[in-house]
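# Tertiary structure, described
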Amino acid sequence: MFESFPIWLLALDYILGMVMWTLIGRFGMGIFLPENSTFFFMRFFVRSTDPLIRLFKPITPGFLIRPMVPLYVAWFFYMIRFYVMPWLLGYSIMGMLSFPLESEFAHGVAEFIGFFVD
């Protein structure tokens with residue numbers, strides 16, 4: 001399916017995708033739990049995303065409420081994956097669900113529930 005993409009591009013996209021979804025997960029968990037929760041998923045999300053949030057602090061607007069900051073940082077990773085990577089490789093914008101990580105996940109879900117996947 002992704003034979004035309006170099007392996008380094010797929011690996012980079014998977015890494016950026018996991019970082020993006022981890023930040024989104026932290027935002028989602030933050031809706032229900034405080035940052036200092038003892039729940040192991042929340043501790044993982046906070047511990048693994050705090051360095052990125054600190055890195056992006058200089059460009060994070062001061063008016064954002066603290067629970068929204070992970071979503072703001074995740075937006076940068078989305079923008080890199082959707083616009084910058086295809087542009088650097090000379091492709092036009094690929095479109096929704098054409099990201100390798102999300103495409104593989106969508107195919108796995110389709111196979112799991114019994115939809116035909118080509």
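Residues numbered from 1 in each chain as written. Predicted model: local features only at pLDDT ≥ 70, side-chain atom pairs only at ≥ 80, totals over all residues. Heavy atoms only, no water.

### A look at the pattern of salt bridges
How we decide: Any carboxyl oxygen of Asp or Glu that lies within 4 Å of a side-chain nitrogen of Lys or Arg is treated as forming a salt bridge with it. In this scheme, a residue with accessible area under 20% of its type's maximum is buried, one over 50% is exposed, and one in between is partly exposed, where area comes from a 1.4 Å probe on protein chains only. Think of it this way: any DSSP run of H or I at least four residues long counts as a helix, any run of E at least two long counts as a strand, and we number them from the N terminus.
Evaluated as defined, the whole model comprises four salt bridges. Notably, a salt bridge pairs Glu-35 with Arg-26, separated by 3.1 Å at the nearest N-O pair. On the accessibility criterion, Glu-35 (33% relative accessible area) is partly exposed. A salt bridge links Arg-66 to Glu-35, with the nearest nitrogen and oxygen atoms 3.2 Å apart. Placement of the pair is Arg-66 in the loop between α2 (40-55) and α3 (69-88) and Glu-35 in the loop between α1 (7-32) and α2, with a sequence separation of 31 residues. Three or more residues are tied together by salt bridges with common partners; here these are Arg-26, Glu-35, Asp-50 and Arg-66.

### Some words on α1
Side chains that are three or four residues apart share a direction in an α-helix, a result of its 3.6 residues per turn. Under the convention used in this document: Under the convention used throughout, the expected extent of a helix is 1.5 Å for every residue step, that is, one less than its residue count.
The first and last C-alpha atoms of α1 sit 38 Å apart over 26 residues, in line with the 38 Å expected at 1.5 Å per residue. For α1, the set of buried residues is Leu-9, Leu-10, Asp-13, Leu-16, Gly-17, Met-20, Thr-22, Leu-23, Gly-25, Arg-26 and Met-29.

### Observations concerning the confidence of the model for the chain
So the rule is basically this: A residue's pLDDT is simply how confident the predictor is in it, with values from 0 to 100.
Residues with a pLDDT of 70 or more make up 83% of the chain, whose mean pLDDT is 84. When the elements of the chain are averaged for pLDDT, helix α4 (residues 100-113) gives the smallest value, 79, and α2 the largest, 95.

### A few points about the nonpolar core
Applicable threshold: Each nonpolar core is a collection of buried residues, namely Ala, Val, Leu, Ile, Met, Phe, Trp, Tyr and Cys, held together in the definition by side-chain atoms within 4.5 Å. In this description, contact between two residues means that some pair of their heavy atoms is separated by no more than 4.5 Å.
Grouped together as the largest cluster of nonpolar side chains are twelve residues: Leu-9, Leu-16, Met-20, Leu-23, Leu-52, Ile-53, Phe-56, Val-69, Val-73, Ala-74, Phe-77 and Met-85. Contributions of two or more residues to this core are made by α1, α2 and α3. With five residues, α3 is the largest single contributor of residues to this core. Once residues lying within four places of it in the same chain are set aside, the contact partners of Leu-16 are Phe-77, Ile-80, Arg-81 and Met-85.

### A look at the side chain of Thr-22
Looking at the secondary structure, you find Thr-22 in helix α1. Setting aside chain neighbours within four positions, we find Thr-22 in contact with Phe-44, Phe-45, Ser-48 and Thr-49.

### Quick notes on the packing of α1 against α2
Selection rule: Axis definition: a line fit to C-alpha positions, over the contact stretch in the case of helices; interaxial angles, taken between N-to-C directions, run 0 to 180 degrees. Roughly parallel refers to an angle under 35 degrees, roughly antiparallel to one over 145, roughly perpendicular to one between 65 and 115, and oblique to any angle outside these ranges. Two helices cross in a left-handed way if the nearer one is turned anticlockwise from the farther one by less than a right angle. They cross in a right-handed way if the turn is clockwise.
At their nearest, the axes of α1 and α2 sit 9 Å apart, and the two run at 125° to each other. The orientation of α1 with respect to α2, classified from their angle, is oblique. Considering how the two elements wind past one another, α1 and α2 form a crossing that is left-handed. Of the residues in α2, those in contact with Val-19, Thr-22, Leu-23, Gly-25, Arg-26, Met-29 and Gly-30 of α1 are Phe-41, Met-42, Phe-44, Phe-45, Val-46, Ser-48, Thr-49, Asp-50, Leu-52 and Ile-53.

### Details of the packing of aromatic side chains
The cut-off we apply is this: Between rings of Phe, Tyr and Trp, where Trp is taken as its six-membered ring, a pair exists when centres lie within 6.5 Å; planes separated by under 30 degrees are stacked, by over 60 edge-to-face, and by other angles tilted.
Following the criterion strictly, the structure yields nine aromatic pairs and no others. With 5.3 Å between their ring centres and 40° between their planes, Phe-56 and Phe-76 make a pair best called tilted. Linking Phe-56 in the loop between α2 and α3 with Phe-76 in helix α3, this pair joins segments that are 20 residues apart in sequence. Here Trp-75 and Phe-76 contribute two aromatic rings whose centre-to-centre distance is 5.1 Å and whose plane-to-plane angle is 70°, an arrangement assigned as edge-to-face. When its relative accessible area of 43% is taken as the criterion, Trp-75 is described as partly exposed.

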